[in-house]
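Structural overview for review
Given next are the chains, with one letter for each unit.
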Amino acid sequence: MAGKFFDEWQVGETIEHEIRRTVTETDNLLFSTMTHNPQPLHLDVEAAKESGFGQILVNSTFTFSLLVGLSVGDTTLGTLIANLGFDKVVTPKPVFIGDTLHAVSEIKELRASKSRPEAGIVTFVHRMLNQRGEVVCQCERSALLRKSG
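First things first, this report covers the structure right here in the doc. (Residues numbered from 1 in each chain as written. Predicted model: local features only at pLDDT ≥ 70, side-chain atom pairs only at ≥ 80, totals over all residues. Heavy atoms only, no water.)

For the rest of this paragraph, the subject is helix α1 (residues 25-34). Listed as buried for α1 are Asp-27, Asn-28, Phe-31 and Ser-32. On an axial view of α1, the arc spanned by its buried residues comes to 115 degrees, and they lie on one face. Opposite the packed face of α1, turned more than 90 degrees from it, sit the exposed residues Glu-25 and Met-34. On its buried face, α1 sits against β1 (14-22), α2 (40-43) and α4 (60-75). His-36 sits one or two residues past α1 and shows a positive phi near 55 degrees. (Buried < 20%, exposed > 50% of the residue type's maximum accessible area, 1.4 Å probe, protein only. Helix = DSSP H or I, 4+ residues; strand = E, 2+ residues; numbered from the N terminus. Arc of directions from axis to C-beta. Contact = heavy atoms within 4.5 Å.)

Here it is, written out as structure tokens:
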């Protein structure tokens, strides 16, 4: 188990997740088609060339999902009872095919569960950065985690 229990976290703690991922055309194509998103900016090279981006724009919901996925191993793997919600999702910079992304997480808040004495709620701020160190996606995730022992 790689994740931490509720009582092992401290507010302000930061984790730089080691896994990095270069986004491929296949990632974007599969994710867009699996989620029935026909946006030409994601799938049509010619339409994307005519946009303000000048190239295929990676589906932002793929970027968000990858951000959460990259964080799980170091945060909630094996200790999660339930994700309670995702808030304040923003995508301040675009992601393009060939960008290499990595994630950083910070503990924003800790609070004991009122209904489950064996658990607590952790609020994470997850940030996805590209190879230039620019934040391309950020969100807050609230998760119900088991306490140790």
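Here we come to α4. Compared with an ideal rise of 1.5 Å per residue, which puts 16 residues at 22 Å, α4 spans 22 Å between its outermost C-alpha atoms and is within 8% of the ideal. Within α4, the full set of buried residues consists of Phe-62, Thr-63, Leu-66, Leu-67, Val-68, Leu-70, Ser-71 and Thr-75. Against the buried residues of α4 lie β1, α1, β2 (80-90), β3 (100-112), β4 (119-129) and β5 (135-146). (Expected span 1.5 Å × (residues − 1).)

Along the polypeptide, Thr-100 turns up in strand β3. Separated by 32 residues in sequence, Thr-100 and Arg-132 place their C-alpha atoms 9.0 Å apart. In this view, Thr-100 contacts Arg-20, Arg-21, Thr-22, Leu-129, Asn-130 and Gln-131; residues no more than four positions away in its chain are not counted. Engagement of the side chain of Thr-100 in a polar contact is seen with the side chain of Thr-22, the distance being 2.6 Å. (Polar contact = N/O pair within 3.5 Å; in protein donor to acceptor, adjacent residues only side chain to side chain.)

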